[in-house]
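# Examining the three-dimensional arrangement
Listed below, chain by chain, are the residues.
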There are 2 protein chains.
Amino acid sequence: MSRWEPNARGRLEQAALDLYQERGFEQTTVAEIAERAGLTERTFFRYFADKREVLFWGQGRLHEIVVNAVASQPVTASPFNIVVAALEAMAAAVPDRPEFLQQRQAVIAQNPELQERELLKMASLIGVITEALQQRGIPGPTVRLLVETGIAVYRVAFTRWVDEKEKGPRTLPQLLREALDELKAVLAF
Amino acid sequence: MSRWEPNARGRLEQAALDLYQERGFEQTTVAEIAERAGLTERTFFRYFADKREVLFWGQGRLHEIVVNAVASQPVTASPFNIVVAALEAMAAAVPDRPEFLQQRQAVIAQNPELQERELLKMASLIGVITEALQQRGIPGPTVRLLVETGIAVYRVAFTRWVDEKEKGPRTLPQLLREALDELKAVLAF
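Residues numbered from 1 in each chain as written. Chains lettered and ligands numbered in written order. Predicted model: local features only at pLDDT ≥ 70, side-chain atom pairs only at ≥ 80, totals over all residues. Heavy atoms only, no water.

Turning our eyes to something else, we now look at empty space enclosed by the protein. In this structure the tally under the stated criterion is 3 cavities of 30 Å³ or more. Approximately 50 Å³ is the volume found for the largest cavity. Along the walls of the largest cavity sit Phe 80, Val 83, Leu 87, Leu 146, Thr 149, Gly 150, Val 153, Leu 180 and Leu 183 of chain A together with Leu 183 and Leu 187 of chain B, which together make up its complete lining. Taken together, the elements giving at least two residues each to the lining of the largest cavity come down to helix H6 (79-93), helix H9 (140-164) and helix H10 (172-187) of chain A together with helix H10 (172-187) of chain B. Residue contributions to the lining of the largest cavity peak at 4 residues, all from H9 of chain A. For the lining of the largest cavity, the class distribution of residues is 9 nonpolar, 2 polar and no charged. (1 Å grid on protein atoms, 1.4 Å probe; cavity = no way out; pocket = protein on both sides within 12 Å on 5 of 7 lines; lining within 4 Å. Points joined across faces, edges and corners; volume = space filled by probe spheres on them. Helix = DSSP H or I, 4+ residues; strand = E, 2+ residues; numbered from the N terminus. Nonpolar A, V, L, I, M, F, W, Y, C, P; charged D, E, K, R; others polar.)

Here it is, written out as structure tokens:
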């Protein structure tokens, strides 16, 4: 087998998710994932530290993206628009593969250890956005309100995206923008 | 010991919470709770089915309160105002004892089984509000957006209430109303 394989990461991810769904996360081994993807274990470990990382890689980069999005807002930006910028950067960084992400969510929902990891990931992102807003001098209680609401809207947009993909191929950033506009509209009366 | 004891429920609750915090939930027995409260085990079981119920009683009544609040809204009420009515009814039903509830949250945060129970309780309340809104013909995606946002604001108000009680004795319904108004204001620009 040659050292270089086309789209090795994507093939390993898909093979892992399929196996996690068929057999459960606990019962799946790295050897099985590599075999299903038609690759070697060595190739697996070139991309992922372990079988859990298949579900959670890229988090450091996501943090950076969010921090940069907030930092690049003009000093005159309203607190709400700063949160929107952070959420839009998050949405834009999500790979445009809703079926894959839906499958990922189903796998995580079946395993308490993975659920905890996912909650920690979300809490860490919330922490990053919160800190970035506080550094701009926005008062703590307002920051919390904005971030909690923003994350709620993001989650609604995300669910719409993975659920509604077949009906209309809107992107996650589009659905996020729509949900934010919708919230403004329903709050207005 | 007489059959009737003044404020037996409240004394048992406080004794239970103190012990859960000192020794952990798992390590505390009903006998110890009764002893600490100066009551009998028999009295304990007159109020609570088990030691977990000390933390979760009153849920059926809360459901009723929320369903009634939604049902009593005029047919002309906007979807947002229906959600607000549900949240205000929830807020008004919470006992005005923020220190006690803060202690309860700390106990729950230390025990995964209790955390899961608390999440189920919240999910069940969200389900009740969602169903009540859908019965009014409000489209599913909008319902989800409203409920998720509403719950986020409620949680922010609740946290402010238990954290800020010493500074100003505002009630939970007041803080909820303030947080909703604040959200409208920050979304407006």
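From this point on, the discussion continues.
Turning our attention to the pattern of salt bridges. Evaluated as defined, the whole model comprises 22 salt bridges over all chains. For Glu 13 of chain A, the salt bridge is made with Arg 97 of chain A, and the minimal N-O distance between the two is 3.3 Å. Residue Glu 13 of chain A is located in helix H1 (residues 8-23), and its partner Arg 97 of chain A is located in the loop between H6 and helix H7 (98-109); the two are separated by 84 residues in the primary sequence. For Glu 13 of chain A, a relative accessible area of 3% translates into the label buried. Here Arg 97 of chain A falls in the partly exposed class, since its relative accessible area comes to 31%. One salt bridge connects Arg 170 of chain B with Glu 178 of chain B, and the closest N-O pair in it is separated by 2.6 Å. Residue class for Glu 178 of chain B comes out partly exposed when judged on its relative accessible area of 34%. (Salt bridge = Lys/Arg side-chain N within 4 Å of Asp/Glu carboxyl O. Buried < 20%, exposed > 50% of the residue type's maximum accessible area, 1.4 Å probe, protein only.)

Time to look at the relation of the copies chain A and chain B. Rotating chain A by 180° and translating it 0.0 Å along the rotation axis places it on chain B, where the RMSD comes to 0.0 Å. Taken together, these values place the two copies in the relation of a two-fold axis. Of every C-alpha in chain A, the one belonging to Thr 149 of chain A sits nearest the axis of rotation, 2.8 Å from it. Residue by residue, 100% of the interface of chain A is reproduced at the interface of chain B, so both copies engage with the same surface. (Least-squares fit on C-alpha atoms with pLDDT ≥ 70 in both. Contact = heavy atoms within 4.5 Å.)

Further remarks concern the side chain of Lys 51 of chain A. Looking at the element boundaries, Lys 51 of chain A is found in the loop between helix H3 (41-47) and helix H4 (53-56). A polar contact is formed between the side chain of Lys 51 of chain A and the backbone oxygen of Phe 25 of chain A, at a distance of 2.8 Å. (Polar contact = N/O pair within 3.5 Å; in protein donor to acceptor, adjacent residues only side chain to side chain.)

Right, let's talk about the confidence of the model for chain A for a bit. Residue and element names in this part refer to chain A. In this model, chain A carries a mean pLDDT of 88, and residues with pLDDT of at least 70 account for 95%. Within chain A, no element has a lower average pLDDT than helix H8 (residues 112-134), which sits at 86, and none a higher one than helix H2 (residues 30-37), at 97. Model confidence for the complex: the whole-complex pTM is 0.80, and ipTM, which rates the interface, is 0.74. (pLDDT = per-residue confidence, 0-100.)

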